[in-house]
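# What the coordinates show
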Amino acid sequence: MDNELTGSNLARAMLKRGYEKIWCAVTDENDRQAITYLNGNDFTAYIVKFENECFYCDAGMEWLYAVPIKIREITQKEATSIKKTC
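The text that follows walks through the structure, step by step, so that each part is easy to find. Keep in mind that what you see is a predicted model, and the values were worked out from it rather than measured. (Residues numbered from 1 in each chain as written. Predicted model: local features only at pLDDT ≥ 70, side-chain atom pairs only at ≥ 80, totals over all residues. Heavy atoms only, no water.)

## Quick look at the overall build of the protein
Quick reminder of the rule: Every helix listed is a DSSP run of H or I at least four residues long, and every strand listed is a run of E at least two residues long, numbered separately from the N terminus. Between buried and exposed lies partly exposed: a residue is buried under 20% and exposed over 50% of the maximum accessible area for its type, with that area taken using a 1.4 Å probe on protein chains only. Only the protein chains shown count as covering a residue, and every accessible area follows the Shrake-Rupley method with a 1.4 Å probe. A positive count includes Lys and Arg, and a negative count includes Asp and Glu. His and the chain ends are not counted in either. A single reference atom marks each charge: NZ on Lys, CZ on Arg, CG on Asp, CD on Glu.
When helices and strands are counted, the protein shows three helices and five strands. Ordered by position from the N terminus, the helices and strands of the protein form the series α-β-α-β-β-β-β-α. Counting only C-alpha atoms, the protein reaches 45 × 35 × 25 Å along its principal axes. Buried residues in the protein amount to 27% of all 86 residues. Roughly 6800 Å² of accessible area belongs to the protein as shown, and the carbon and sulfur atoms make up 49% of that amount. Both charge centroids of the protein, one from 11 positive and one from 13 negative side chains, sit 8 Å from each other.

Okay, structure coming up:
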């Protein structure tokens, strides 16, 4: 059995352990939708607390689901593999 925390469960555990700002994909639907909406970076937020069954971002908005994500620089090789849309 795999007991590794993922999704909103991981975000809650990180906050409990003292993380102060967690970059997350957020939604009010479910963890899977949070990642689906991540395309275009429209639904991301710094999550700062979990209280009353809701996640709160640094702007004060509340969310039901928050999935920790990682943002990093891309390499030149990765950039050349991205298709242009114009």
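## Considering the sheet that holds strand 5 (residues 65-68)
How we decide: Should DSSP find at least two bridges between two strands, the strands are taken to pair. The criterion used for residue contact is that any of the two residues' heavy atoms lie within 4.5 Å. Axis geometry follows a simple rule: fit a line to the C-alpha atoms, using only the stretch in contact for helices, then measure angles between N-to-C directions, giving values from 0 to 180 degrees.
The antiparallel open sheet is built from five strands, whose spatial order is 4-3-2-1-5. Only two strands of the sheet have a single neighbouring strand rather than two, namely strand 4 (62-63) and strand 5. In this structure, strand 2 (residues 44-51) lies alongside strand 3 (residues 54-57), joined through four bridges in antiparallel fashion. Opposite Lys49, over in strand 3, you have Tyr56 as the bridge partner. Its contacts with the sheet place helix 1 (residues 7-16) against strand 1 (22-27), strand 2, strand 3 and strand 5, and it is angled at close to 80° to strand 5.

## A short note on the packing of aromatic side chains
Put simply, the test is: Side-chain rings of Phe, Tyr and Trp (the six-membered ring for Trp) are treated as a pair once their centres are within 6.5 Å; stacked means planes under 30 degrees apart, edge-to-face means over 60, and tilted covers the remaining angles. Should the NZ of a Lys or the CZ of an Arg lie within 6 Å of a ring centre and within 35 degrees of the ring normal, that charge is described as sitting over the ring.
All told, the structure shown has two aromatic pairs when counted by the stated rule. Lying over the aromatic face of Tyr56, Lys49 brings its terminal NZ or CZ to 5.1 Å of the ring centre.

## Looking at the pairing of strand 3
The two faces of strand 3 match: Cys54 and Tyr56 on one face and Phe55 and Cys57 on the other face are all buried. The turn linking strand 2 back onto strand 3 is made up of two residues, and Asn52 within it adopts a positive phi angle of 55°. Two successive antiparallel strands, strand 3 and strand 4, enclose a turn made up of four residues, where Gly60 displays a positive phi of approximately 90°.

## Some details on the pattern of salt bridges
Threshold: Think of a salt bridge as a Lys or Arg side-chain nitrogen and an Asp or Glu carboxyl oxygen that are within 4 Å of each other.
The final tally for this structure, using the stated rule, is three salt bridges. Of the charged contacts, one joins Lys49 and Glu51 as a salt bridge, the two residues approaching to 3.6 Å between their closest N and O atoms. Residue Arg72 pairs with Glu78 through a salt bridge whose shortest N-O separation is 2.7 Å.

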